[in-house]
Amino acid sequence: MEFQAQYEAYKNRIEAALDGYFQPDGRPFDGLFEAMRYSLLSGGKRVRPVLTLAFAEAAGGNAEAALPVACAVEMLHTYSLIHDDLPCMDNDDLRRGRPTNHKAFNEYTAMLAGDALQAEAFGVILRSGLSPERKAACAEYLAGATGAAGICGGQFMDMVAEGTELNKEQLFDVIERKTGALLVAACVMGVLAVGGTAEQQEAACQYGAALGLAFQLRDDVLDQDGLCEVLGEAECERRIGQWTKLCGTLVRENFGDSEFLRALAENLAYRTN
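Draft legend 1. Region of the structure containing helix α10 (residues 198-223). For α10, with 26 residues, the first-to-last C-alpha span of 38 Å sits near the 38 Å given by 1.5 Å per residue. Gln 224, located one to two residues past α10, shows a positive phi value of around 55°.

Draft legend 2. Focus on the side chain of Ser 258. Tracing the backbone shows Ser 258 in the loop between α12 (233-254) and α13 (259-269). For Ser 258, a relative accessible area of 14% translates into the label buried. The residues contacting Ser 258, other than those within four sequence positions of it, are Val 251 and Arg 252.

Draft legend 3. Examining unusual backbone geometry more closely. One non-glycine residue with positive phi stands out, namely Arg 46, at about 60°. Tracing the chain through its elements places Arg 46 in the loop between α2 (30-40) and α3 (47-58). The backbone of Asn 91 shows a phi angle near 55°, a positive value even though the residue is not glycine. Along the polypeptide, Asn 91 turns up in the loop between α4 (63-84) and β1 (94-95).

Draft legend 4. Local environment of the environment of Phe 255. As for its placement among the helices and strands, Phe 255 is situated in the loop between α12 and α13. Classification of Phe 255 by relative accessible area gives buried; the value is 5%. Not counting residues within four places of it along the chain, the set of residues in contact with Phe 255 comprises Phe 55, Ala 58, Ala 59, Val 191, Gln 200, Ala 203 and Leu 250.

Draft legend 5. A look at helix α6 (residues 107-126). Between its first and last C-alpha, α6 extends 29 Å over 20 residues, near the 28 Å set by a 1.5 Å rise per residue. Buried residues along α6 sit against α2, α4, α5 (101-104), α7 (132-146) and α9 (168-193). Where α6 begins, one side-chain oxygen reaches toward the backbone nitrogen of Tyr 108, 3.3 Å away; that side chain belongs to Asn 106.

Draft legend 6. Structural context of the nonpolar core. In terms of nonpolar packing, the biggest core is built from 89 residues, with Leu 51, Phe 55, Tyr 207 and Leu 264 touching the most fellow members. Among residues more than four places away in sequence, those in contact with Leu 264 are Phe 3, Tyr 7, Val 50, Leu 51 and Tyr 207.

Draft legend 7. Layout of empty space enclosed by the protein. Enumeration over the complete set of coordinates arrives at one cavity of 30 Å³ or more. Roughly 110 Å³ of volume is contained in the largest cavity. As for the largest cavity, its lining consists of 13 residues, and the residues nearest its centre are Ser 39, Ser 42, Asp 85, Arg 95 and Asn 101. When contributions to the lining of the largest cavity are tallied by element, the ones reaching two or more residues are α2, α4 and β2 (98-99). Ranked by residue count, the leading element in the lining of the largest cavity is α4, at three residues. Of the residues contributing to the lining of the largest cavity, the split by class is four nonpolar, five polar and four charged.

Draft legend 8. How the structure looks around the environment of Ala 204. Looking at where Ala 204 falls in the secondary structure, it is placed in helix α10. The spacing of Ala 204 and Met 189 is 15 residues in sequence and 8.8 Å in space, taken between C-alpha atoms. Those residues in contact with Ala 204, other than ones at most four positions away along the chain, are Phe 55, Cys 187, Val 188 and Val 191.

Draft legend 9. Quick peek at a negative patch on the surface. A cluster of acidic side chains, namely Glu 165, Asp 223, Asp 225 and Glu 229, defines a negative patch on the protein surface. Among the structural elements, Asp 225 can be located in the loop between α10 and α11 (227-231). By relative accessible area, Asp 225 is classed as partly exposed at 32%.

Draft legend 10. How the structure looks around the layout of surface pockets. The volume enclosed by the largest pocket comes to roughly 1,400 Å³. If you trace the largest pocket, you find 43 residues lining it, with Lys 178, Thr 179, Gln 216, Asp 219 and Asp 220 closest to the centre. Of the residues assigned to the lining of the largest pocket, the class counts are 14 nonpolar, 10 polar and 19 charged. Taken as a whole, the second largest pocket holds about 190 Å³ of empty space. Forming the boundary of the second largest pocket are Tyr 141, Gly 144, Ala 145, Ala 149, Gly 150, Glu 176, Gly 180, Ala 181, Val 184, Ala 209 and Leu 213. At the level of elements, α7, α9 and α10 are the ones that each hand at least two residues to the lining of the second largest pocket. For the lining of the second largest pocket, the element with the most residues is α9, which contributes four residues.

Thresholds, definitions, all that
- Residues numbered from 1 in each chain as written.
- Predicted model: local features only at pLDDT ≥ 70, side-chain atom pairs only at ≥ 80, totals over all residues.
- Heavy atoms only, no water.
- Helix = DSSP H or I, 4+ residues; strand = E, 2+ residues; numbered from the N terminus.
- Expected span 1.5 Å × (residues − 1).
- Buried < 20%, exposed > 50% of the residue type's maximum accessible area, 1.4 Å probe, protein only.
- Contact = heavy atoms within 4.5 Å.
- Polar contact = N/O pair within 3.5 Å; in protein donor to acceptor, adjacent residues only side chain to side chain.
- Core = buried A, V, L, I, M, F, W, Y, C linked by side-chain atoms within 4.5 Å.
- 1 Å grid on protein atoms, 1.4 Å probe; cavity = no way out; pocket = protein on both sides within 12 Å on 5 of 7 lines; lining within 4 Å.
- Points joined across faces, edges and corners; volume = space filled by probe spheres on them.
- Nonpolar A, V, L, I, M, F, W, Y, C, P; charged D, E, K, R; others polar.
- Patch = residues over 30% accessible without salt bridge, like charges linked within 9 Å, V, L, I, M, F, W, Y side chains within 5 Å.
- Areas by Shrake-Rupley, 256 points an atom, 1.4 Å probe, with all protein chains shown as cover.
- Salt bridge = Lys/Arg side-chain N within 4 Å of Asp/Glu carboxyl O.
- Lys, Arg positive; Asp, Glu negative; His and termini not counted.
- Charge placed at Lys NZ, Arg CZ, Asp CG, Glu CD.

Right under this line is the structure:
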């Protein structure tokens, strides 16, 4: 299947599955469900859950088995965006062209919507049809990616550094936690969900790390800030090319059908928006 068609097929499965969660049904906390769904179903590229499904299939498994894990990854990502937008964090008014959650509802509802999505992400994995061993492996990996050493730690470091100039090592450290950790988890959890080999888990980890760096560097080049200001555009382009090539090598050497994942890395690295 051609790359874009396959991407849309993965994305459509994810959108349909996400729409089944948190349906209001007359309970006193339906307003919280409404706020959760407002951000969860707001569109976006769905890169992380697509990676989960693609790695599940590349590892020889069934993407359907990994679908709850993919949804959990997107719930976790959505929680992080809701909290990032709060007045005490980035204080953003818009997200994907719509009012941010705290603007559409209010600050306490947005905070609780993020909290609930984080908790439900683990619930979705643990209530899935995966074996107990695979549930535990996925939940443990997701916890590591999103806790103090992952997204939360990266956001903390970013907030502490506000108003100061970080050097390139510090900027890379923030990126690897705040952006890269969940991309790595999305890739590895696809392999874990279908019982892939230890070698495939390690390759997925390295792919996710390289993809995260290339992804963020492309953002910085497009915005002309962050690492682009420190490294310069030419060096950023060199590193993006290097990491994107590494992604292709990793999947080619460790997975049977690697073309989609290679093309996905290139598509994200050389996007124009």
